[in-house]
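Okay, here's what each chain looks like letter by letter:
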Amino acid sequence: MSRRALPIFKNFISSGGGGGSTRSVTYMPRPGDGTPRPVTLIPGDGVGPLVTGAVEQVMEAMHAPVYFEKYDVHGDMKTVPPELIESIRKNKVCLKGGLKTPVGGGVSSLNVLLRKELDLYASLVHCFNLKGLPTRHQHVDIVVIRENTEGEYAGLEHEVVPGVVESLKVITKFCSERIAKYAFEYAYLNNRKKVTAVHKANIMKLADGLFLESCREIASKYPSIQYNEMIVDNCSMQLVSKPEQFDVMVTPNLYGNLVSNVAAGIAGGTGVMPGGNVGADHAIFEQGASAGNVGNEKLLEQKKANPVALLLSSAMMLRHLQFPSFADRLETAVKRVISEGKYRTKDLGGTSTTQEVVDAVIANLE
């Protein structure tokens, strides 16, 4: 090798061009994959604009190839605005802050209406331990996949006679099979080892019995994935005593809501758990577990809402849009901030504001 070529060769090795490279090829884009993608944005109610604003700041700092179409929608609206539905149908992807659902009365939940209108039949919540965040249990890594369109959330209620209300729980083979298939497909694609079906078929023998029958049929097509079943009340007890036994959980609508919130509480709290709702054509990403703090006026006044859950949900969204390197950068920065422990909101034992957490995440972007 000539003397002139030697420095070039050394630079090639030191920059990762030789066999000592630490970066692997994880994604080869198709031509045009870097085109910025439009995403429908619903800031929502209460602290919603605060945490969605945090996501906007981080996306801008990353130069992520997305831009937002913002819609002013609130939980007390009687219907979903048609222009919002049109935007989501066009963009295929939406990021949403919390929408406050009135308790009682005649106003339907806009969250449920959105899922039904767009047939977002699968809700996914990922509950896992974050390094540096102390919890009672370690080795928690649970994915709760919940049927989103029927069950107790079918909204079929009426007053039979004064003082007597009938509420119908609807379970169909079609919806049970497709949510079971989604759960097993998720497990297969993400190298998960076990799927647990959560039910109450000992009491609701026909409805939950049909759900279990559907899960068993789908399970038989995935022999490499372990399958078991657990009654929902026993499941709740097992979650708080031995959560590390669970991997992927598939549930009817109401049970999934309860189970995902219990799992989130065990793993570190609802403020750090990402999630989303997906159908055949569209997806809405939001805080994974209950957004019960959406109407917390004190958090809003102090500007101390936790943005971590929605930031991690945004990383899920970026992967869904096939921008994996941006998703990895965002997730790594968020996890580093949590691990260091210097900037944490009140729900994680700290005193930081939303903006302080956002600034720390941006500072840790690589």
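Here, the structure is the one placed above.
All values reported here derive from a predicted model rather than from experimental measurement.

Cut-offs applied
Residues numbered from 1 in each chain as written. Predicted model: local features only at pLDDT ≥ 70, side-chain atom pairs only at ≥ 80, totals over all residues. Heavy atoms only, no water. Helix = DSSP H or I, 4+ residues; strand = E, 2+ residues; numbered from the N terminus. Buried < 20%, exposed > 50% of the residue type's maximum accessible area, 1.4 Å probe, protein only. Pairing = 2+ DSSP bridges. Axes fitted to C-alpha atoms, helices over the stretch in contact; angles between N-to-C directions. Contact = heavy atoms within 4.5 Å. Arc of directions from axis to C-beta. Salt bridge = Lys/Arg side-chain N within 4 Å of Asp/Glu carboxyl O.

Novice: So what's going on with unusual backbone geometry? Residues and values would help.
Specialist: Although it is not a glycine, lysine 92 adopts a positive phi angle of roughly 75 degrees. Along the chain, lysine 92 turns up in the loop between α3 (82–91) and β3 (93–96). Despite not being glycine, histidine 139 has its phi angle at roughly 60 degrees, a positive value. Structurally, histidine 139 is set in the loop between β4 (122–128) and β5 (141–147). Given a relative accessible area of 70%, histidine 139 falls into the exposed group.

Novice: Can you lay out the sheet that holds strand β8 (residues 194–199) for me, pointing to particular residues and giving the numbers?
Specialist: Spatially, the 10 strands line up as an open sheet ordered β2-β1-β3-β12-β11-β4-β5-β10-β8-β9, and their pairing is mixed. Strands with a single pairing partner mark the edges of an open sheet, and in this sheet they are β2 (66–70) and β9 (226–231). Each neighbouring strand pair of the sheet contributes to a mean axis angle of 25 degrees, computed without reference to strand direction. In this structure, β4 lies alongside strand β11 (residues 274–278), joined through 4 bridges in antiparallel fashion. From the neighbouring strand, alanine 122 faces β11, where its bridge partner is valine 278.

Novice: How would you sum up the environment of glutamate 177? Please name residues and give values.
Specialist: Checked against the element boundaries, glutamate 177 lands in helix α5 (residues 173–189). Between the C-alpha atoms of glutamate 177 and phenylalanine 211, which are 34 residues apart in sequence, the distance is 7.7 Å. When sequence neighbours within four positions are dropped, the list of residues in contact with glutamate 177 reads Ser214, Glu217 and Ile218.

Novice: Tell me about the environment of valine 357, and name the residues and values.
Specialist: With respect to the helices and strands, the residue valine 357 is situated in helix α12 (residues 354–363). The spatial distance from the C-alpha of valine 357 to the C-alpha of valine 308 is 8.4 Å, given a sequence separation of 49 residues. Setting aside its immediate chain neighbours within four residues, valine 357 contacts Pro307, Tyr343, Thr345 and Ser352.

Novice: Help me get a handle on helix α7 (residues 232–241), residues and values and all.
Specialist: Inspection of α7 places Val232, Cys235, Gln238 and Leu239 among the buried residues, and these make up the whole buried set. The arc that holds every buried residue of α7, seen down its axis, measures 115 degrees, which confines them to one face. Among the structural elements, β5, β8, β9, β10 (248–251) and α8 (253–267) are those in contact with the buried residues of α7.

Novice: Summarise the pattern of salt bridges; cite the residues concerned and give the values.
Specialist: Counting across every chain of the model gives 19 salt bridges. A salt bridge links glutamate 69 to lysine 90; the nearest nitrogen and oxygen atoms lie 3.0 Å apart. Of this pair, glutamate 69 sits in strand β2 while lysine 90 is found in helix α3, placing the two residues 21 residues apart along the sequence. The partner of arginine 319 in a salt bridge is glutamate 331, with the nearest N and O atoms 3.3 Å apart. Taken together, the residues arginine 319 in helix α10 (residues 308–320) and glutamate 331 in helix α11 (residues 324–340) connect sequence positions 12 residues apart. Residue classification places arginine 319 among the partly exposed positions, given a relative accessible area of 34%. Salt bridges sharing partners connect three or more residues here, namely Lys173, Glu177, Glu213 and Glu217.

Novice: Now, about the side chain of histidine 137: what can you tell me, with residues and values included?
Specialist: Along the chain, histidine 137 falls in the loop between β4 and β5. What makes histidine 137 buried here is its relative accessible area of 13%. Aside from chain neighbours lying at most four places away, what touches histidine 137 is Asn129, Val240, Ser241, Pro243, Glu244 and Ile266.

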